[in-house]
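Spelled out from the first residue to the last, the chains are:
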Amino acid sequence: MFKKSLLLSIVILGSSESLFAINAGNYASAETLVILKPTEMEEEAVKNITQNLLQNHYRKVSVNDSLSRQIFNRYLDNLDGNRSYFVASEVESLRKIYGSRITSEFLAGKANAGFGVYNFFLKRAKEKMRFMKAAADTIHFSFSTPETLDLDRKADPWPSDRRQLVDLWKKELKYQWLNLKYSGESNTTVRGALAKSFTNRLNLLNHQKPEDAFQAYTSAVTTSFDPHTSYFSPDEYENFQIDMSRSLEGIGAKLQTESEYTVINEVIPGGPVFKSNLLKKGDKIIGVGQGSTGEIVDVLGWRINDVVKLIRGRKGTLVRLNILPASQAGRGPAKIVQLVRDKVDLEEQAAKKSIIHVNGQKIGVIAIPSFYLDFDAQQKNTGNYTSTSHDVARILNELNAEHVEGVVIDLRDNGGGSLEEAVNVTGLFITTGPVVQVSNATGGKMVLRDEDRRILYGGPLAVLVNRYSASASEIFAAAIQDYGRGVIIGERTFGKGTVQSLMKLTRPFAFFGKKPELGELKLTIAKFYRISGGSTQHKGVLPDIIMPSMIDTSTIGEDTYTSSLPWSTISKAFYRPTGEVNQEEITLLRKKFQERSSKNHTYQAYLHDLNVLNQIRKKKMTSLQDSSFKSEIETIKQIEKLWVQVPDSIKSLNKDVLLNQSAAVVSDIAELKAIERHTVIRTSPILN
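Criteria and cut-off values
Residues numbered from 1 in each chain as written. Predicted model: local features only at pLDDT ≥ 70, side-chain atom pairs only at ≥ 80, totals over all residues. Heavy atoms only, no water. Axes fitted to C-alpha atoms, helices over the stretch in contact; angles between N-to-C directions. Helix = DSSP H or I, 4+ residues; strand = E, 2+ residues; numbered from the N terminus. Parallel < 35°, antiparallel > 145°, perpendicular 65-115°, else oblique. Left-handed = near helix turned anticlockwise from the far one by under 90°. Contact = heavy atoms within 4.5 Å. Nonpolar A, V, L, I, M, F, W, Y, C, P; charged D, E, K, R; others polar. Core = buried A, V, L, I, M, F, W, Y, C linked by side-chain atoms within 4.5 Å. Buried < 20%, exposed > 50% of the residue type's maximum accessible area, 1.4 Å probe, protein only. Phe/Tyr/Trp six-rings, centres within 6.5 Å; stacked < 30°, edge-to-face > 60°. Lys NZ or Arg CZ within 6 Å of the ring centre and 35° of its normal. Polar contact = N/O pair within 3.5 Å; in protein donor to acceptor, adjacent residues only side chain to side chain. Expected span 1.5 Å × (residues − 1).

Enquirer: Residue-level account of the packing of helix H14 (residues 388-401) against helix H15 (residues 419-427), with values.
Expert: One way to put it is that H14 packs onto H15 with a least axis distance of 8 Å and a crossing angle of 20 degrees. One finds that H14 runs roughly parallel with respect to H15. Considering only the axes of H14 and H15, their crossing is right-handed. Mapping the contact onto sequence places Thr388, Ser389 and Val392 in H14 and Glu421, Asn424 and Val425 in H15. Broken down by class, the residue content of the contact of H14 with H15 amounts to two nonpolar, three polar and one charged.

Enquirer: Quick rundown of the nonpolar core? Include the residues and the values.
Expert: One finds Phe86 and Tyr118 to be the most contacted residues of the largest nonpolar core, which totals 69 residues. Per-element accounting of this core gives the leading share, 13 residues, to helix H6 (residues 112-138). For Tyr118, the residues in contact, after removing those within four places along its chain, are Leu36, Tyr75, Leu79, Gln208, Asp212, Ala213 and Ala216. Judged by nonpolar contacts, the second largest core, of 39 residues, contains Leu399, Phe476, Ala479 and Ile480.

Enquirer: Could you give an account of the packing of aromatic side chains, with specific residues and numbers?
Expert: Aromatic rings in a pair are described by how distant their centres are and how their planes are angled relative to each other. Summed over the entire model, instances satisfying the criterion amount to 20 aromatic pairs. Judged by centre distance (5.5 Å) and plane angle (50 degrees), the ring pair of Tyr118 and Phe121 falls under tilted. Residue Tyr118 and its partner Phe121 are both found in helix H6; the two are separated by three residues, about one turn of the helix. Here Phe121 falls in the buried class, since its relative accessible area comes to 9%. Ring geometry for Tyr603 and Tyr606: centres 6.1 Å apart, planes at 25 degrees, overall stacked. With Tyr603 and Tyr606 both in helix H18 (residues 601-618) and three residues apart, this pair spans about one turn of that helix. Among the aromatic residues, those joined into a cluster by ring pairs are Phe371, Phe429, Tyr457 and Phe476. Across the ring face of Trp158, the terminal group of Arg83 is positioned such that the distance to the ring centre comes to 3.8 Å.

Enquirer: Quick one: what's the story with the packing of helix H3 (residues 65-80) against helix H4 (residues 88-98), residue by residue and with numbers?
Expert: Where H3 meets H4, the axes come as close as 11 Å, and the angle between the chain directions of the two elements is 140 degrees. The chirality of how H3 crosses H4 is right-handed. Contacts between H3 and H4 pair Phe72, Asn73 and Leu76 from the former with Val91, Leu94 and Arg95 from the latter. Looking at the contact of H3 with H4 residue by residue, the class counts come to four nonpolar, one polar and one charged.

Enquirer: Describe in detail unusual backbone geometry, supporting the description with residues and values.
Expert: With the exception of glycine, most residues fall at negative phi, and the peptide bonds are largely trans. Even without being a glycine, Asp413 presents a positive backbone phi close to 70 degrees. Its location among the elements puts Asp413 in the loop between strand S11 (406-410) and H15. At Ser471, a position not held by glycine, the phi torsion is positive, near 55 degrees. Relative to the assigned elements, Ser471 resides in the loop between strand S14 (461-465) and helix H16 (472-482).

Enquirer: Tell me what's going on with the side chain of Ser568, and back it up with residues and numbers.
Expert: Residue position: Ser568 is located in the loop between strand S18 (545-546) and helix H17 (583-598). Of the polar contacts made by the side chain of Ser568, one reaches the side chain of Lys527; its length is 2.8 Å. Among all residues touching Ser568, those that are not within four sequence positions of it are Lys527, Tyr529, Gly533, Gly534 and Ser535.

Enquirer: Describe the environment of Ile639, with residues and values.
Expert: You can see Ile639 is positioned in helix H19 (residues 626-643). Separated by 30 residues in sequence, Ile639 and Asp609 place their C-alpha atoms 6.3 Å apart. Ignoring sequence-local partners within four residues, the contact set of Ile639 consists of Met550, Asp609, Val612, Leu613 and Val644.

Enquirer: Which residues make up H6, and what are the values?
Expert: Between its terminal C-alpha atoms H6 stretches 40 Å, which fits the 39 Å expected from 27 residues at 1.5 Å a residue. The element H6 is largely enclosed, with a buried count of 23 among its 27 residues.

Enquirer: How would you sum up the environment of Ala350? Please name residues and give values.
Expert: Along the polypeptide, Ala350 turns up in the loop between strand S8 (335-340) and strand S9 (352-358). When neighbours within four sequence positions are excluded, Ala350 is seen to be in contact with Ala367, Pro369, Tyr372 and Asp391.

Enquirer: Break down the side chain of Ser389 for me, citing the residues and quoting the values.
Expert: Mapped onto the secondary structure, Ser389 falls in helix H14. Judged by relative accessible area, which is 9%, Ser389 ranks as buried. Non-local contacts of Ser389, meaning those with residues more than four positions away in its chain, are made with Glu421, Asn424, Val425 and Leu428.

Here you go:
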């Protein structure tokens, strides 16, 4: 029954209008129609997924037409976010045929509608790849003609007809031509490289399996509840476990799939990516090459497991990644990054100290790349186990011995880690009290406290954050801010204030020796709240003194996800602010920073270049004229060369404009406190 209705829908959705050819040969040649349908394992898995989402997810969602629309729209955005496979009439047909079935199928634990849409997507995607391959072989472009391409079409309507669609394909091909021309890969011709890329992608489309459709559809379903809920197939979960254990040699990054891209989801402190500082969260990997001369294999549209297999390898071997940097807001060109495979070095992820001299004062800096903890050693009660709080305590003792006048805690790019360690590190700066509140789906609340009354450091303090500071980093920064213990500097943090748990999906029993595993579901089950009552979710932590980074904040952060849980409040925890820095003092510090930075030529040059970069990022259209395209690319490259940090600690410290400005703010706090200590208010008796 399903197969018959699916075939009927494809006939309805098929277009009798011939594609607009440009000497592209027989790109629309007949093909064998392959109909993907769910496997027995996938049908069982989707029932488990549905049950867990409805019963255990933090967000209680009503299963109605609104949910159907959300899942359907998200699914189409994931498959055709740039509106370059379907035309408007096809989208409406898909909506009528499948859109209304999603809710009933969701409750029944079925995925037939998802497979129906995916099968039609494959049909149109193959047509596009055949066209692009044929065009790449024969087309001749004029790159002197003023012409533009809209790089972000998610909010745009789908093309009204096939002619508009093919015009868009031509512009995309022209853009890819220019992108490849300026990418730095000069050992091959642009025409040949593009033709090969499209051939490879067509081959991938021709070898799609049910798991590809299932993953694409379940991703749309799970992320309709929130962006951090996801399903792992048994194979994907095996890769996830390897990443978590950090035992396999590779590049030290967690990857995820977004549409047809493999995206850096997390940089693991201590790994090759972290040490090189060449990749960031949100960067898209579009090609992988082995060694210094091996061919860059186009991985656009690949299964993530297959991409991971290409990237992993023996320690000491070289891998080259072709990436689209998140900092460029999707604008070319792609960039080749070389990395030497290695295991994650736990010492490299450890907190590190440095000292900056400002106005004759010594300001200590503690860079914390993550909130790490050796859980196994802690459970075995070895005593001297590795943890962030142990390392930071040792460094604070060293800085106290060196008589620093203030401390900067650098949490830039710190994506989180151990909640326990976030609490313990906070405890090094306060006497005792609550640090964070956790609320579960049933309204239950737990308050995590620092119980140790010792303070290892009580002097002037600042916490430097950026858009990549997330989760445990936000808990620490929020607690320091709520207690009035220090000043938060930088830009608004990521805004991830949710807790996830892994749930194993299993069959009730095994049939004839079949494995009972159906995969794992990563499910959002709780929310973090500040001790002052507000959540860090969605909004993040707002700095007291704003210093913007080079990160493209329009594409990075919890608020960029359409399904992220909202900001909310609960009751305050009982705590007594330390009052080390009050609002009046923050206003004064902000004024002093503005006065000083306005006269600082380096900082003003940095702000100027950041503004230029943001203007480029904000452009809806990119030029397809060679001279304009090249000029824009050279501008981006020059700005990144000037301001993006290189993995050379001494050189980076001197070049790090934001860290040096933060140290100057801490110096201001130290001077302010010195004045307060030496100001003696004397009262005399009134003599009559």
